[in-house]
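Each chain, letter by letter, is given below.
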Amino acid sequence: MSVTGSVLITNVRPYGDGDPVDVAVVDGEITAIGAGLPAPEGADTIDGGGGVLLPGFVDLHTHLRQPGREDTETVESGSRAAARGGYTAVFAMANTDPVADNASITDHVWRLGREIGLVDVHPVGAVTVGLAGEQLAEMGMMADGDAAVKLFSDDGKCVHDPVIMKRALEYSKGLGVLISQHSEDPRLTVGAVAHDGPTAARLGLTGWPRAAEESIVARDALLARDAGARVHIAHASTAGTVELIRWARGQGIEITAEVTPHHLLLDDSRLETYDGVNRVNPPLREETDKTALRAALADGIIDCVATDHAPHAAQEKCCEFSQARPGMLGLETALSIVVETMVRPGLLDWRGVARVMSERPAQIVGLDDQGRPIAVGEPANLTIIDPDGSWEVRGQTLASKSGNTPYESMRLPGVVQATVLRGRVTAARGPAALDDTVFDPAFGETAGEWR
Ligand SMILES: NC(=O)N[C@@H](CC(=O)O)C(=O)O
Ligand SMILES: [Zn+2]
C-alpha cells in the first residue's frame, strides 16, 4: 500500500467551508492548501469544480465475495465500486467461500487489494471457524499476518453462544482488535424474511422481531463490560438498539455502532411489491426506527455509516421474496443516501458527513492513515463531491459486478466527482476527469461519465 502519487486538486472547498482553494499533493501527502497554487512537478491537475472536499470514506462493512463468488463481486470490481463511491478504505467481510477464518485467506485478500490499489482493502477475520459459532478462529495469527487484521466478525451470522462471545471479547482485548457483531438471535429469526410488524403480517411474510437484534445488543454490551473489552454493533436497525447503546455508553461501556444507508432511507413499506431486491438482513424496519437511527447518527450515539454492500447474482434476487438472498449493494450510493437522509434535512453538515463516513470508522478500527484532517502534512486520502448535482441510479452501469440496488431509477442528490488514494486518482468523472469531460445521458443531468 505504499504506492503514492502527486496531484493538484483545484477549486475545492474543504468540508464545504469558505471560498474554493487548491490542494497540492506530493508523494501521497498534502503539501499546500491555498488559492492559485502551482502544480507540483510531474503532477496532473484535477478540477474540483467548486465541490466539497472530504477525507476519503472508510467502510467497516463490505462484502467483496472473493474467494468463492467471483461471479457476483471480486476484490477488483468491489474496489472500483468503492473508489467511485468516494471510499479510500474498506473492510471486507469474512463470509467468503472458503471463510476468511485463517491468515492464509486474510493475507490473500489483503494482497489482492494491494495489487489492485484502488482502495485499501482490510480483510475482516472470522471470529469462529467456518462461521459455525463453535470454535474460536486463530484470531492472533490473522492479527499478526501481513494483513494485520484489525476487525473480526462472523457477519452473516451472529456469534450466538454467550460463552464463545465472552471468550472472543477477552481475546480481542488482549490482541487490541475489535469484534463487529451481527446482532441476531437465530432462535428468534427462524424462517424470518421481513420486519415483524403489520406489513409482514399482511403480506404473509415470516417476521424478524426487533428483540432478535436488541437482546444480543444488550447481552454483548454486558459481556463487553465484564471483559473490559470494546464491541462494535454491525448494521443497527431499530430504535430500541439506539436506546440500548445510549444506556451502555452511559455506563461507560465501550460500544460503537454503525447504520447502513438503506436503514436510514427505506422502510418495510417497500415490501408491498414482493420484490426480492428489498430483502436484507437485518430487515427494513418502520418509520419510527428510521427516525431514531437518523437522530442517533446525528448526535453520535451511532458512530458511523457502513454500507453492508452485499452483491448477489440477478437470479438470486429476482425470485419470490422469501427465496431471494438477503443483501443490497451500497458502496456507490452511500454518499447520496447520506446527503438525502442527513444533509438535506439539516441533521448533518459536511463536517458531520466527514465524521460519520471517514473519521469515526477510521478511529473505531485504529487506522492512522485514514479519516485524517484535510491539512498540510496529512495523507492525501480524499474525495470530491458535487453537493448540488444529482444522478440517476442504474444497476447496469454501476462498477459492481452485481446490480441489486434498491435505488434503481431513483434520482439521488450528491455526486462523487473524484477519489484520491495517497495522491493517486482512483476514480474521476465529469469535470474532475483527467481527460476531456464526457457527458453521458445515462448518468443524468449533472453527473459526468466515469473515466
Ligand atoms: N446483509 C445481508 O443481508 N447480507 C449479507 C450478510 C450480512 O451482512 O448479514 C451478505 O453477505 O449477503
Ligand atoms: Zn450482517
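Rules used throughout
- Residues numbered from 1 in each chain as written.
- Chains lettered and ligands numbered in written order.
- Predicted model: local features only at pLDDT ≥ 70, side-chain atom pairs only at ≥ 80, totals over all residues.
- Helix = DSSP H or I, 4+ residues; strand = E, 2+ residues; numbered from the N terminus.
- Rg over C-alpha atoms; globule rule 2.2 N^0.38 Å.
- Contact = placed C-beta atoms within 7 Å.
- UniProt positions renumbered as here; feature names shortened; annotations may be inferred.
- Buried ≥ 20, exposed ≤ 12 C-beta atoms within 10 Å, placed from the backbone.
- Domains from an automatic or database assignment.
- Nonpolar A, V, L, I, M, F, W, Y, C, P; charged D, E, K, R; others polar.
- Pairing = 2+ DSSP bridges.
- Axes fitted to C-alpha atoms, helices over the stretch in contact; angles between N-to-C directions.
- Expected span 1.5 Å × (residues − 1).
- pLDDT = per-residue confidence, 0-100.

Some remarks on the overall build of the protein
Move 1: Counting secondary structure elements, the protein contains 12 helices and 17 strands.
Move 2: Relative to its length of 451 residues, the protein is compact, with a C-alpha radius of gyration of 21 Å against a globular reference of 22 Å.
Move 3: By sequence separation, contacts in the protein at least 24 residues apart represent 74% of the contacts at least 6 residues apart.

With respect to the UniProt feature "binding site: Zn(2+) 2" (unreviewed entry) in the protein
Move 1: Sequence positions flagged by UniProt for "binding site: Zn(2+) 2" (unreviewed entry) are, in local numbering, D155, H182 and H235. Maximum C-alpha separation among the annotated residues is 10.0 Å over a sequence range of 81 residues, consistent with a single clustered spot.
Move 2: Here D155 lies in the loop between β8 (151-152) and α4 (162-175).
Move 3: Exposure remark for D155: the 26 C-beta atoms within 10 Å place this residue in the buried category.
Move 4: Residues within four places of D155 in sequence aside, it is in contact with M93, A94, N95, S180, H182 and A234.
Move 5: As for its position among the elements, H182 is in the loop between β9 (178-181) and β10 (194-195).

So, the environment of R294
Move 1: Relative to the helices and strands, R294 is located in helix α9 (residues 287-299).
Move 2: In this structure R294 comes out as buried when scored by C-beta crowding, with 20 C-beta atoms within 10 Å.
Move 3: Sequence separation between R294 and H263 is 31 residues; the distance between their C-alpha atoms is 9.1 Å.
Move 4: Those residues in contact with R294 that sit more than four places away from it in its chain are L264, T341, M342 and L347.

A look at the domain arrangement of the protein
Move 1: Annotation of the protein at the domain level lists domain 1 (7-53 + 376-391 + 409-447) and domain 2 (56-365).
Move 2: Computed from C-alpha coordinates alone, the two centres of domain 1 and domain 2 are separated by 29 Å.
Move 3: Listed as interface residues are 15 residues of domain 1 and, on the opposing side, 19 residues of domain 2.
Move 4: Breaking the side of domain 1 that touches domain 2 down by element, the ones donating at least two residues are β15 (382-392), β16 (411-421) and β17 (424-428).
Move 5: With six residues, the single largest contributor to the side of domain 1 that touches domain 2 is β16.
Move 6: Of the residues belonging to the side of domain 1 that touches domain 2, the class tally is nine nonpolar, six polar and no charged.

Focus: the pairing of strand β4 (residues 44-55)
Move 1: The buried count for β4 comes to nine of 12 residues, which makes it a mostly enclosed element.
Move 2: Across seven bridges, strand β1 (residues 7-14) lies against β4 in parallel orientation. What sits directly across from I9, in β4, is I46.
Move 3: Where β4 meets β15, four bridges bridge the pair, whose relative direction is antiparallel. Bridge pairing in β15 links L53 to I384.

Here's the deal with the sheet that holds strand β13 (residues 255-259)
Move 1: Taken in spatial order, the five strands of this open sheet run β8-β9-β12-β13-β14, and their pairing is parallel. Of all strands in the sheet, those bounded by a partner on one side alone are β8 and β14 (304-305).
Move 2: Bridging between β13 and β14 involves two bridges; their strand directions are parallel. Each bridged residue has a counterpart across the sheet, and for E258 the counterpart in β14 is C304.

Some details on the sheet that holds β17
Within a sheet, neighbouring strands are paired by backbone hydrogen bonds and run either parallel or antiparallel to one another.
Move 1: The seven strands lie next to each other as β3-β2-β1-β4-β15-β16-β17, forming an open sheet whose pairing is mixed. Of all strands in the sheet, those bounded by a partner on one side alone are β3 (29-34) and β17. Averaged over all pairs of adjacent strands, the angle between their axes in this sheet comes to 35°, without regard to strand direction.
Move 2: Here four bridges tie β16 to β17, and the two strands are oriented antiparallel to one another.

What to know about helix α7 (residues 239-250)
Move 1: Here α7 spans 17 Å end to end across 12 residues, near enough to the 16 Å set by a 1.5 Å rise per residue.
Move 2: Within α7, burial applies to A239, T241, V242, L244, I245 and A248.
Move 3: At its buried positions, α7 is contacted by α6 (210-227), β12 (231-233), β13 and α9.
Move 4: Phi for G252, located one or two positions after α7, is positive at around 85°.

Notes on the confidence of the model for the protein
Move 1: Confidence in the prediction for the protein averages 95 pLDDT; 96% of positions are at 70 or higher.
Move 2: Counted against residues more than four places away or in other chains, residues 435-445, with its pLDDT under 50, gives 18 contacts.
Move 3: In the model output, the complex is listed with pTM 0.97 alongside ipTM 0.99.

What to know about the UniProt feature "active site" (unreviewed entry) in the protein
Move 1: The positions UniProt marks with the feature "active site" (unreviewed entry) are D308.
Move 2: For D308, a count of 30 C-beta atoms within 10 Å puts it in the buried group.
Move 3: Look past the residues within four positions of D308 in its chain and what remains in contact with it is H61, H235, T260 and G330.

Some thoughts on unusual backbone geometry
Move 1: Cis geometry marks the peptide bond from D97 to P98, where omega comes out at 0°.
Move 2: Here P98 lies in the loop between β6 (87-92) and α2 (103-116).
Move 3: With an omega dihedral of -15°, the bond running from N281 to P282 counts as a cis peptide bond.
Move 4: For P282, the position within the fold is in the loop between α8 (261-265) and α9.
Move 5: Unusually for a residue other than glycine, Y15 sits at a positive phi of about 60°.
Move 6: Considering the arrangement of structural elements, one finds Y15 in the loop between β1 and β2 (21-26).
Move 7: Of note, S409 is a non-glycine position whose phi angle comes to about 70°, a positive value.
Move 8: On the secondary structure map, S409 appears in the loop between β15 and β16.

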